[in-house]
2 protein chains.
Amino acid sequence: MPLAALMALPVLAAGGPECSENMSIRKVPFALMGTGGVGAALLDAIVQSRMLHEQRYGVRLEAVALCDSSGVVKAAKGGVLSDETITAIVQHKKGGGRLKDTPVGEAIAQPEGQGTADFLLEIAKQCGEEQPGCIVVDCTATEATVPALLHATSEGRGMRAVTANKKPVSGPLGDFTQLVLSPGASARFRYEATVGAGLPVIAALQRVVAADDSVSRISGSFSGTLGYVMSGLQEGQPFSEVVAKAKELGYTEPDPRDDLGGVDVARKALILARTLGMKLEMSDVTVEPLFPSELAALSVPDFMAKLPTLDSSFADKVAAASAESKVLRYAASIKPPTPNSPGSLTVGLLAVPASSPLGTLTGSDNLVEIYTGWYSSTPLVLRGAGAGTGTTAAGVLSDIIELAFTM
Amino acid sequence: MPLAALMALPVLAAGGPECSENMSIRKVPFALMGTGGVGAALLDAIVQSRMLHEQRYGVRLEAVALCDSSGVVKAAKGGVLSDETITAIVQHKKGGGRLKDTPVGEAIAQPEGQGTADFLLEIAKQCGEEQPGCIVVDCTATEATVPALLHATSEGRGMRAVTANKKPVSGPLGDFTQLVLSPGASARFRYEATVGAGLPVIAALQRVVAADDSVSRISGSFSGTLGYVMSGLQEGQPFSEVVAKAKELGYTEPDPRDDLGGVDVARKALILARTLGMKLEMSDVTVEPLFPSELAALSVPDFMAKLPTLDSSFADKVAAASAESKVLRYAASIKPPTPNSPGSLTVGLLAVPASSPLGTLTGSDNLVEIYTGWYSSTPLVLRGAGAGTGTTAAGVLSDIIELAFTM
């Protein structure tokens, strides 16, 4: 039945500016590190969501610094970058330009001789001093942001941080402990987009932890590429053909071993395990690559040429699983320690019941099953697209809005 | 591989009290309205989680008032109820006692002649004045809490509120607007457990809204009872037999029409639609009950006796769906308005592809599919147990911990 009374999100009759005068708007300054795909998508989304953010949250996100590996465009002390400036910079970056050659405003190039980590730390410090409550947003894929993030999330500094970058949360355990596990850290740091892009896996897990609902097991498929490969195998396609097709379609990295090796999945699994409080380093994760070690050193064309030698072995594994009404998934399996078991964290082939949530998964979606005290007979399940710049930027933006109300 | 390095959540060597001296603990006062199943489970969980909450969040949740329909046990001005008092009260309630006859401390009975709504409002006001930042927690199933919740979530009052009670968020739209949609409300109010118990459906939807990712459709199965009935129908059981079995197992209300009528599902659907910003009242929801109106006025035994007259019609519907590779679900369907369509909100039988997430659902789990700009070809899906006092209390507790860091 069409409903005449139905309306979308409330829209002010007179547009935007009036609204700022009548409401108290919470101004939330942020410094963005990384203005590539995800960073640019985030800036686009922030500019386009101004009306929603003011009306629903009474929040205005204000860019005070934008950084890439060449330098930074920073607002004058106490000022902000205008939406026109942001938009021009996004266009410049999308066209392949670097920030130090910005077409608008003035850029500060990263000084010769200063490392990127020191440079970014310096920017985080300046932004924190000039803009109380500034949020450092990490949309890079480098470890060089770690000192800046640690600075921004130190207690009593009045700053906060959000990251879409797996490196800071899958590096040394000490960094993770400060960022996530120290008391009050949940008011200062968010990292949702590091696992499953915008899929609220971390948010769901943090809620389970906050309710002290003990987790007995997490199983998850966190690679769209490997999900695609497993779906193909299940349909009876030879391993070599599925991998070749995935490469052709651009689903894999240029060297498919970067996906087939499982390291990216292992990083995500480590982040989830640490979120539960498991004190692990990357070296503690048992990773089973989808190719034997003797193929590791070959050139990409030689590697691709050798793939058919693996077909029969994979076909056998699929058939063996099928005989037990199971299907193969490339999955992470996390078991926290109990009084009777030391726990484990493994990444590799897992035969799961065909009727289980993981078993019914097809295509490139991510899926995670969380078994807890309250979700024991059937798990808490999240499923959906777990990659893509837009989805990732959406995850970052939700994190920023959540932090807008904390401290 | 067993990992020697594996450890559970960090546990202080010396136990609890020392920790309070070395860390700054954020004290978070709360007043609980409703000490029945969910409320008692919540109090149990709070007492049992003290170490986790101090160590991971630096938070201590302090009970300042516990209410039921008979009265209130309140701490002295500025004081808190001890864990011993809380535990004794929970035992007293579990044994069927009423708060005004509390075995510990002193209870204030609800004054004769004062309505429950006024009484609870008075308590919320007192707690707010005596305990800055007090969180009012609603674990009742009555509308009488609404004035107290509206008081606690008014801007500038420095209070907050959490509810597991659907009434305040599925009543008049004006109340929902103040509680959820007014600017800054997300820092003052949480209502996760009103839909899908502890399943983070509202949290996921709020993240989608915050990222301004436009929702095109939500489909969801929000009744474990009706999920069980639909699973039975799909397996070929007659409608009358499945309903009789569900009643026998205690899955339905004493009068199964309370479930089969769909009103509870409609309330949850309304809450989700409003969360998206759709301005709807309960009367705008189109609800299709699973029984014809001529059976509405019968006694329960007469109603049960008449059920076989519906069997062939349900069998036909299941067969018709099956012919199209679809299965029947009792589902809510929410379509926000677009420039070309006024949108809709319906609750009733839905034939969905057997291979879709909703189609693969079996048993009593809840499941919701959210289609958005970023989740367009395949939806964002959440699935899991959507009822139970423990799961519901877990959802409330997570909400409280989240609010501990806002304002």
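Residues numbered from 1 in each chain as written. Chains lettered and ligands numbered in written order. Predicted model: local features only at pLDDT ≥ 70, side-chain atom pairs only at ≥ 80, totals over all residues. Heavy atoms only, no water.

- For chain A, an unreviewed UniProt entry supplies the name Homoserine dehydrogenase and the organism Prymnesium parvum.
- Of chain A, the UniProt comment under Catalytic activity (unreviewed entry) reads exactly: "L-homoserine + NADP(+) = L-aspartate 4-semialdehyde + NADPH + H(+)".
- Recorded in UniProt for chain A, the comment headed Cofactor (unreviewed entry) runs: "a metal cation". (UniProt positions renumbered as here; feature names shortened; annotations may be inferred.)

Topic: the overall build of chain A
Next up, step 1: Within chain A, the regular secondary structure consists of 17 helices and 13 strands.
Next up, step 2: In summary, chain A has a C-alpha radius of gyration of 23 Å against a globular reference of 22 Å for 407 residues, a match within 12%.
Next up, step 3: In terms of principal-axis extent, the alpha carbons of chain A reach across some 70 × 55 × 50 Å.
Next up, step 4: Burial analysis of chain A (407 residues in total) assigns 58% to the buried set.
Next up, step 5: Contacts spanning at least 24 positions in sequence make up 70% of the contacts within chain A whose residues lie at least 6 apart. (Helix = DSSP H or I, 4+ residues; strand = E, 2+ residues; numbered from the N terminus. Rg over C-alpha atoms; globule rule 2.2 N^0.38 Å. Buried < 20%, exposed > 50% of the residue type's maximum accessible area, 1.4 Å probe, protein only. Contact = heavy atoms within 4.5 Å.)

Re the pattern of salt bridges
Residues and elements named next belong to chain A.
Next up, step 1: Counted by the stated rule, this structure contains 32 salt bridges over all chains.
Next up, step 2: Notably, a salt bridge pairs E62 with R60, separated by 3.8 Å at the nearest N-O pair.
Next up, step 3: A residue is classified by how much of its surface remains accessible, and E62, at 12% relative accessible area, is buried.
Next up, step 4: With a relative accessible area of 27%, R60 lands in the partly exposed category. (Salt bridge = Lys/Arg side-chain N within 4 Å of Asp/Glu carboxyl O.)

A closer look at the UniProt feature "binding site: L-homoserine" (unreviewed entry) in chain A
Residues and elements named next belong to chain A.
Next up, step 1: UniProt tags E253 as "binding site: L-homoserine" (unreviewed entry).
Next up, step 2: For E253, the location among the structural elements is in the loop between α11 (239-248) and α12 (257-260).
Next up, step 3: Take E253: its relative accessible area is 41%, and that puts it in the partly exposed class.
Next up, step 4: Once you skip the residues sitting within four places of it in the chain, E253 turns out to touch D258 and D259.

Comments concerning the nonpolar core
One broad trend across soluble globular proteins is that nonpolar side chains are buried collectively.
Next up, step 1: Judged by nonpolar contacts, the single largest core of 247 residues is most densely connected at L42(A), F239(A), L42(B) and F239(B).
Next up, step 2: Leave out the neighbours within four places in its chain, and L42(B) touches L32(B), V137(B), C139(B), A393(B), V396(B), L397(B) and I400(B). (Core = buried A, V, L, I, M, F, W, Y, C linked by side-chain atoms within 4.5 Å.)

Section: the packing of helix α2 (residues 37-48) of chain A against helix α4 (residues 83-94) of chain A
Residue and element names in this part refer to chain A.
Next up, step 1: Running from N to C, α2 and α4 point in directions that differ by 150 degrees, and their axes come no closer than 10 Å. Taken together, α2 and α4 sit at an angle that is classed as roughly antiparallel. The chirality of how α2 crosses α4 is left-handed. Residue-level contacts link A40, L43, D44 and V47 of α2 to D83, I86, T87, V90 and K94 of α4.
Next up, step 2: Here the residues of the contact of α2 with α4 sort into five nonpolar, one polar and three charged. (Axes fitted to C-alpha atoms, helices over the stretch in contact; angles between N-to-C directions. Parallel < 35°, antiparallel > 145°, perpendicular 65-115°, else oblique. Left-handed = near helix turned anticlockwise from the far one by under 90°. Nonpolar A, V, L, I, M, F, W, Y, C, P; charged D, E, K, R; others polar.)

Brief notes about the interface of chain B and chain A
Next up, step 1: Each partner contributes residues to the interface: chain B has 80 residues there, and chain A has 79 residues.
Next up, step 2: At the junction of chain B with chain A, the criterion picks out four salt bridges.
Next up, step 3: Ionic pairing is found between R207(B) and D399(A), a salt bridge with its closest N-O pair at 3.0 Å.
Next up, step 4: Applying the counting criterion to the chain B and chain A interface returns 26 residue pairs in polar contact (both at pLDDT 80 or more). (Polar contact = N/O pair within 3.5 Å; in protein donor to acceptor, adjacent residues only side chain to side chain.)

Details of the sheet that holds strand β9 (residues 286-287) of chain B
Next up, step 1: Taken in spatial order, the 12 strands make up an open sheet running β9(A)-β11(A)-β10(A)-β8(A)-β12(A)-β13(A)-β13(B)-β12(B)-β8(B)-β10(B)-β11(B)-β9(B), and their pairing is mixed. Each edge of the sheet is formed by a strand with only one pairing partner; in this case those strands are β9 (286-287) of chain A together with β9 of chain B.
Next up, step 2: With two bridges connecting them, β9(B) and strand β11 (residues 344-353) of chain B associate as parallel partners. Its bridge partner being in β11(B), V287(B) is matched across the sheet by V347(B). (Pairing = 2+ DSSP bridges.)

A closer look at the UniProt feature "binding site: NADPH" (unreviewed entry) in chain A
Residue and element names in this part refer to chain A.
Next up, step 1: Mapped onto this numbering, the UniProt entry annotates "binding site: NADPH" (unreviewed entry) at T140 and K166. A compact arrangement is adopted by the annotated residues: their sequence extent is 27 residues, whereas the largest C-alpha distance between any two is 9.2 Å.
Next up, step 2: The residue T140 is located in the loop between β5 (135-138) and α6 (146-152) in this model.
Next up, step 3: Not counting residues up to four positions away in its chain, the partners in contact with T140 are M33, G34, T145 and N165.
Next up, step 4: A polar atom in the side chain of T140 sits 3.3 Å from the backbone nitrogen of T142.
Next up, step 5: Tracing the backbone through its elements, the reader meets K166 in the loop between β6 (160-163) and α7 (167-170).

Remarks on the confidence of the model for chain A
Next up, step 1: Counting all residues, the mean pLDDT for chain A is 93, and 94% of those residues have values of 70 or more.
Next up, step 2: Across the interface, the model reports ipTM at 0.94; the global pTM reads 0.94. (pLDDT = per-residue confidence, 0-100.)

Describing the relation of the copies chain B and chain A
Next up, step 1: With an axial shift of 0.0 Å and an RMSD of 0.0 Å, the rotation relating chain B to chain A amounts to 180 degrees. Here the two chains are linked by the operation of a two-fold rotation axis.
Next up, step 2: A high fraction, 99%, of the interface residues of chain B reappear at the interface in chain A, so the copies pair face to face through one surface. (Least-squares fit on C-alpha atoms with pLDDT ≥ 70 in both.)

A word on the packing of aromatic side chains
Next up, step 1: Counted under the stated rule, the structure contains 11 aromatic pairs over all chains.
Next up, step 2: Aromatic side chains F189(A) and Y191(A) sit 5.6 Å apart centroid to centroid with 15 degrees between the ring planes, which places their arrangement in the stacked category.
Next up, step 3: Under the relative-accessibility criterion, F189(A) is labelled buried at 4%.
Next up, step 4: The buried category is assigned to Y191(A), whose relative accessible area is 2%.
Next up, step 5: An aromatic cluster is defined as three or more aromatic residues linked by ring pairs; in this entry it consists of F176(A), F189(A) and Y191(A).
Next up, step 6: The side chain of R257(A) reaches across the aromatic face of F303(A), ending 4.6 Å from its centre.
Next up, step 7: Lying across the ring of Y371(B), R217(B) places its NZ or CZ 4.2 Å from the centre. (Phe/Tyr/Trp six-rings, centres within 6.5 Å; stacked < 30°, edge-to-face > 60°. Lys NZ or Arg CZ within 6 Å of the ring centre and 35° of its normal.)

Some remarks on the sheet that holds strand β2 (residues 59-67) of chain A
All names here are of chain A.
Next up, step 1: With respect to topology, seven strands assemble into an open sheet ordered β4-β3-β2-β1-β5-β6-β7, the strand pairing being mixed. Edge positions in the sheet fall to β4 (107-109) and β7 (189-190), since each has one partner strand and no second.
Next up, step 2: Both strand β3 (residues 71-74) and β4 contribute to a ladder of three bridges, which runs antiparallel. Counted as the bridge partner of G71 is A109 from β4.
Next up, step 3: Lying on the sheet, helix α5 (residues 116-130) is in contact with β1 (26-33), β2, β3, β4 and β5; it crosses β3 at an angle near 15 degrees.

Structural notes on helix α11 (residues 239-248) of chain B
All names here are of chain B.
Next up, step 1: Every buried residue of α11 is listed here: F239, S240, V242, V243 and A246. One side of α11 carries all its buried residues, which in axial view fall inside an arc of 165 degrees.
Next up, step 2: At its buried positions, α11 is contacted by α10 (224-234), α12 (257-260), α14 (300-306) and α15 (311-323).
Next up, step 3: Positioned one or two residues after α11, G250 has a phi angle of 80 degrees, which is positive. (Arc of directions from axis to C-beta.)

Examining the packing of helix α2 (residues 37-48) of chain B against helix α17 (residues 389-403) of chain B
Residue and element names in this part refer to chain B.
Next up, step 1: Look at α2 against α17: their axes get within 8 Å of each other, and the N-to-C directions meet at 60 degrees. On the basis of the axis angle, α2 is oblique to α17. Of the two elements, α2 crosses α17, and the hand of that crossing is right-handed. Contacts between α2 and α17 involve G37, V38, A41, L42, A45 and I46 from the former and T389, T392, A393, V396, L397 and I400 from the latter.

Topic: the state of the cysteines
Next up, step 1: The final tally for this structure, using the stated rule, is zero disulfides over all chains.
Next up, step 2: This cysteine, C127(B), is not joined by any disulfide, and C134(B) carries the nearest cysteine sulfur, 4.8 Å off. (Disulfide = S-S within 2.5 Å.)

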